[in-house]
Amino acid sequence: MSWGTELWDQYDNLAIHTSKGIEFLDKYANFIRDRLAIETEYAAKLRRLAKNYQPKKKEEDDNEFTSHQAFRNVLKEINDLAGQREVVAESLQLQIIQGITLLSKTLREERKKCLSNGTYLQQNLSSQLSALERAKRNYEKAYRDSEKAVDNYKKADMDLNLSRAEVERYKNIMTAKIQQSDDAKNEYANQLQKTNNLQQQHYNELLPEVFNRLQELDEKRTRGIREFIIGAADVESSVAPIIARCLEGMVKAGESINEKEDSYKVIERYQSGFTPPTDIPFEDLSKQDPESSQESHYNNVQSSHLTVKGTISANRIKKRVGIFNIFGSNKQQKIIEACITLKNSLTADGQKEDFSDLPPNQRRKKLQAKIAELQQKIAQETAARDGLMKMKVVYEANSSLGNPMTVEGQLNESEHKLEKLKIDLKKYQGYLERANQIPMASNSPQANRNNLHNGHRVSRHSNGSTEDNNEDGDDQPDDGGSLSRVSLSKTHLNNSSASPESGLGTSHTSLPGSGQGSAHDNAMGEDAYYETEMELLQPLGTCRALYPFEATSEGSIPMNEGEVLQVIEIDQGDGWTRVRRLNNTNGWDEGFVPTSYIECTLYA
């Protein structure tokens, strides 16, 4: 079946149909473009989604949990899915959109040629038909004129009144008209034959050729749409296995989550290493002798004195009015130097260099991680040094390759870095060794403030060393006393560089043993003090003791399980919270208790 034979008289309809077919092809191209835009946008949003949920730097510690690792793997698979959607969009652009654009352009050009040729054929046939019509009209007129001339001649010939000359004239006119009629007839016959031949050729050969060409173009368009639809599906199918693997990866990521392993890692992360408090012994007051009772009362008084000394909220406290005498005391100078030393010994995240402010287990883990990091750096630096040494040997053997002196500076710098790393490694190995030798009890919260040994205060410095100081000597700052809370009086701070760089905090706590407001300083002749009433600090909330706590260090107070206390200063990062209780005998008792031993409820 061909358009040339079946649709020989549907030239206009075929022209409209082919035009609509190309428009439909363009419509399908627009559909692919819109889908391409959706795929591109979808891929971009998937990538943005994965990026927004990537673990932050502050969340890197949580990456050890299997659930976090699984989620991170899911984000990787999402990125891969986005990549496959981008592949689909790119393939649609290169294979489908460009193919449709080229095909549409070709079809339009070919259709224009076919329609132009068809129009020419139609005009040629119309011209021939017009010529035939004119020849026919001429023939009809000539025939009527010839018949009229014959009738006039017959009448003249029958009329006896006319002369022979007039009859002869009518005869000549008749003969001329008959000749004109015959010529018109012949012309009409020729035009008719020519028209019939042209019409036959037009409808049997020329126009069918044009229609068949249009049919080929339309079939080519239809075949192209079929191929493009299949091609678009093939593009999708080509990425389907990869997408399936991405989904399998997500399933494997979900299956890799191990709740028991995560629970164990939580224990590893937060286990302090402290032993739970033992049972509180029963004290039978009836069996105690008066001397032991007096000794107990003396210990309570001394503990109360230490509590007042370790805090600033005592009812009466002495202030120094001499604003230019801040560095007049060796003790105060040593306090400032110790604060600066402590600040320099802190790590980037605010922890101490030897991690002595952490619980035992956490301290060991941090030290082991630091040692592993240093060992890795040493291995890298050693490899770099060996490479530089080989390069120097090669340069010395062949000076044309380079000057060995250029490597000398780099080699010296590498040696310096390596030596520094080895020193740090040895230092942290010493920290770890001492941390492993320290008993659990010595690192308990009760002993974190001040370590007393044989009646002397043991001060632990940031380098892990210890030294014994008599109570009547110059006191050294104690890490257990939370140097971050060390502050001088307001008068001193207003005239000293109490900036963050100085290492001095602005908390309400005085250094134990610093001599601020102590009787020993008054005995030394420093009488430029005045006494002023200090208002009690407003409570920040309340807390309930989860475990009993026995105060064995300076600045701390004991508490019983279930006891409710007032919170007057929250934990500053050292594991201790400042609380207050009402004492019917002495007014208010204030001091520090371990944060892990209480449950706080702060006011809104």
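Residues numbered from 1 in each chain as written. Predicted model: local features only at pLDDT ≥ 70, side-chain atom pairs only at ≥ 80, totals over all residues. Heavy atoms only, no water.

(A) Representation of the overall build of the chain in the model. On a plain count of helices and strands, the chain comes out with 11 helices and 10 strands. Expressed as a percentage of the 604 residues in the chain, the buried residues total 36%. Only carbon and sulfur atoms are counted for the fraction: they give 51% of the accessible area of the chain, which is about 36,800 Å². (Helix = DSSP H or I, 4+ residues; strand = E, 2+ residues; numbered from the N terminus. Buried < 20%, exposed > 50% of the residue type's maximum accessible area, 1.4 Å probe, protein only. Areas by Shrake-Rupley, 256 points an atom, 1.4 Å probe, with all protein chains shown as cover.)

(B) Main features of the sheet that holds strand 7 (residues 564-569). The 5 strands lie next to each other as 9-8-7-6-10, forming an open sheet whose pairing is antiparallel. Edge positions in the sheet fall to strand 9 (587-594) and strand 10 (598-602), since each has one partner strand and no second. On average, each strand axis in the sheet is inclined to that of its neighbour by 35°, with strand direction left out of account. (Pairing = 2+ DSSP bridges. Axes fitted to C-alpha atoms, helices over the stretch in contact; angles between N-to-C directions.)

(C) The arrangement of the nonpolar core in detail. In this structure, Leu25, Ile32, Leu92, Ile100, Phe211 and Phe228 are the most contacted members of the largest nonpolar core, which totals 40 residues. Of all the secondary-structure elements, those providing two or more residues to this core are helix 2 (11-52), helix 3 (66-158) and helix 4 (164-255). If you tally residues by element for this core, the top one is helix 3, at 15 residues. Once you skip the residues sitting within four places of it in the chain, Phe228 turns out to touch Leu25, Tyr28, Gln95, Ile96, Gly99, Ile100 and Leu103. (Core = buried A, V, L, I, M, F, W, Y, C linked by side-chain atoms within 4.5 Å. Contact = heavy atoms within 4.5 Å.)

(D) Fine view of helix 4. Between its terminal C-alpha atoms helix 4 stretches 132 Å, which fits the 136 Å expected from 92 residues at 1.5 Å a residue. The sharpest bend along helix 4 measures roughly 50° and falls at His202. (Expected span 1.5 Å × (residues − 1). Bend = angle between axes of the 7 residues up to and from the residue.)

(E) Layout of the environment of Ile242. Along the chain, the position of Ile242 falls in helix 4. Sequence separation between Ile242 and Gln84 is 158 residues; the distance between their C-alpha atoms is 7.6 Å.

(F) Looking closely at the packing of helix 2 against helix 4. Look at helix 2 against helix 4: their axes get within 11 Å of each other, and the N-to-C directions meet at 15°. Classed by the angle they form, the pair helix 2 and helix 4 counts as roughly parallel. As for the relative orientation of helix 2 and helix 4, their crossing is left-handed in sense. When helix 2 is examined against helix 4, the residues Tyr11, Leu14, His17, Thr18, Gly21, Ile22, Phe24, Leu25, Tyr28, Arg35 and Glu39 are found in contact with a partner set consisting of Leu207, Phe211, Leu214, Asp218, Arg221, Ile225, Phe228, Ile229, Ala232 and Glu236. (Parallel < 35°, antiparallel > 145°, perpendicular 65-115°, else oblique. Left-handed = near helix turned anticlockwise from the far one by under 90°.)

(G) Layout of the side chain of Arg85. Looking at where Arg85 falls in the secondary structure, it is placed in helix 3. Residue Arg85 is classed as buried on the basis of its relative accessible area of 9%. When residues no more than four places from it in sequence are discounted, the contact partners of Arg85 are Glu39, Tyr42, Ala43, Leu46, Glu236 and Ile243.

(H) Layout of the side chain of Arg364. Examined against the element boundaries, Arg364 turns out to sit in helix 8 (residues 360-397). Buried charge without a partner: Arg364 forms no salt bridge, and the closest opposite charge is Glu268, 10 Å away. Among the polar contacts listed, one links the side chain of Arg364 to the side chain of Asn436, at a separation of 3.1 Å. (Lys, Arg positive; Asp, Glu negative; His and termini not counted. Salt bridge = Lys/Arg side-chain N within 4 Å of Asp/Glu carboxyl O. Polar contact = N/O pair within 3.5 Å; in protein donor to acceptor, adjacent residues only side chain to side chain.)

(I) Quick peek at the pairing of strand 8 (residues 576-583). For strand 8, the tally of buried residues reaches 7 of 8 residues, placing the bulk of the element in the interior. The pairing of strand 7 with strand 8 spans 3 bridges and is antiparallel. Counterpart to Val567 in the pairing with strand 8 is Val579. Connecting the antiparallel pair strand 7 and strand 8 is a turn made up of 6 residues, with Gly573 showing a positive phi of about 105°. Bridging between strand 8 and strand 9 involves 8 bridges; their strand directions are antiparallel. When the bridges of strand 9 are listed, Thr577 appears paired with Val593.

(J) Region of interest: the packing of helix 8 against helix 9 (residues 404-437). Between helix 8 and helix 9, whose axes approach to 8 Å, the crossing angle comes to 160°. Viewed along their axes, helix 8 and helix 9 adopt a mutual orientation that is roughly antiparallel. The two elements helix 8 and helix 9 cross, and the hand of that crossing is left-handed. Along the lines of polarity and charge, the residues of the contact of helix 8 with helix 9 split into 18 nonpolar, 8 polar and 13 charged. (Nonpolar A, V, L, I, M, F, W, Y, C, P; charged D, E, K, R; others polar.)

(K) Expanded view of the pattern of salt bridges. In the structure shown here, the tally under the stated rule is 24 salt bridges. The closest approach of N and O atoms between Glu39 and Arg35, which form a salt bridge, is 3.8 Å. Within this pair, Glu39 and its partner Arg35 are both found in helix 2, separated by 4 residues, close to a single helical turn. What makes Glu39 buried here is its relative accessible area of 8%. The exposure class of Arg35 is partly exposed, given its relative accessible area of 23%. The residue Glu590 makes a salt bridge to Arg580 at a minimum N-O spacing of 3.2 Å. On the criterion of sequence distance, the pair formed by Glu590 in strand 9 and Arg580 in strand 8 is long-range, its members being 10 residues apart. Take Glu590 and Arg580: they sit in the same class, and that class is buried.

(L) Looking closely at a nonpolar patch on the surface. Residues Leu49, Tyr53 and Phe71 make up a contiguous nonpolar surface patch of about 320 Å² in total accessible area. The topology assignment puts Phe71 in helix 3. Owing to a relative accessible area of 41%, Phe71 belongs among the partly exposed residues under this scheme. (Patch = residues over 30% accessible without salt bridge, like charges linked within 9 Å, V, L, I, M, F, W, Y side chains within 5 Å.)

(M) Highlighting the confidence of the model for the chain. With 72% of its residues at a pLDDT of at least 70, the chain reaches an overall mean of 75. Highest mean pLDDT in the chain belongs to helix 2 (93); lowest belongs to helix 10 (residues 490-494) (35). Below pLDDT 50 for its whole length, residues 296-329 participates in 65 contacts with residues either more than four positions away or in separate chains. Low confidence marks residues 440-534, where pLDDT is under 50. Its contacts with residues over four positions away, or in another chain, come to 213 contacts. (pLDDT = per-residue confidence, 0-100.)

(N) Looking closely at the packing of aromatic side chains. Counted according to the given criterion, the structure contains 10 aromatic pairs. For the ring pair Phe549 and Trp576, a centre distance of 6.1 Å and an interplane angle of 65° mean the geometry is edge-to-face. Taken together, the positions of Phe549 in the loop between strand 6 (541-545) and strand 7 and Trp576 in strand 8 put the pair 27 residues apart, joining distant regions of the chain. Judged by relative accessible area, Trp576 falls into the buried class, the value being 2%. Here a set of aromatic residues connected by ring pairs shows up, and it is made of Tyr547, Phe549, Trp576 and Tyr597. Sitting above the plane of the Tyr170 ring, Arg169 keeps its charged end 4.8 Å from the centroid. Positioned over the ring face of Trp588 is Arg580, at 5.1 Å from the centre of the ring. (Phe/Tyr/Trp six-rings, centres within 6.5 Å; stacked < 30°, edge-to-face > 60°. Lys NZ or Arg CZ within 6 Å of the ring centre and 35° of its normal.)

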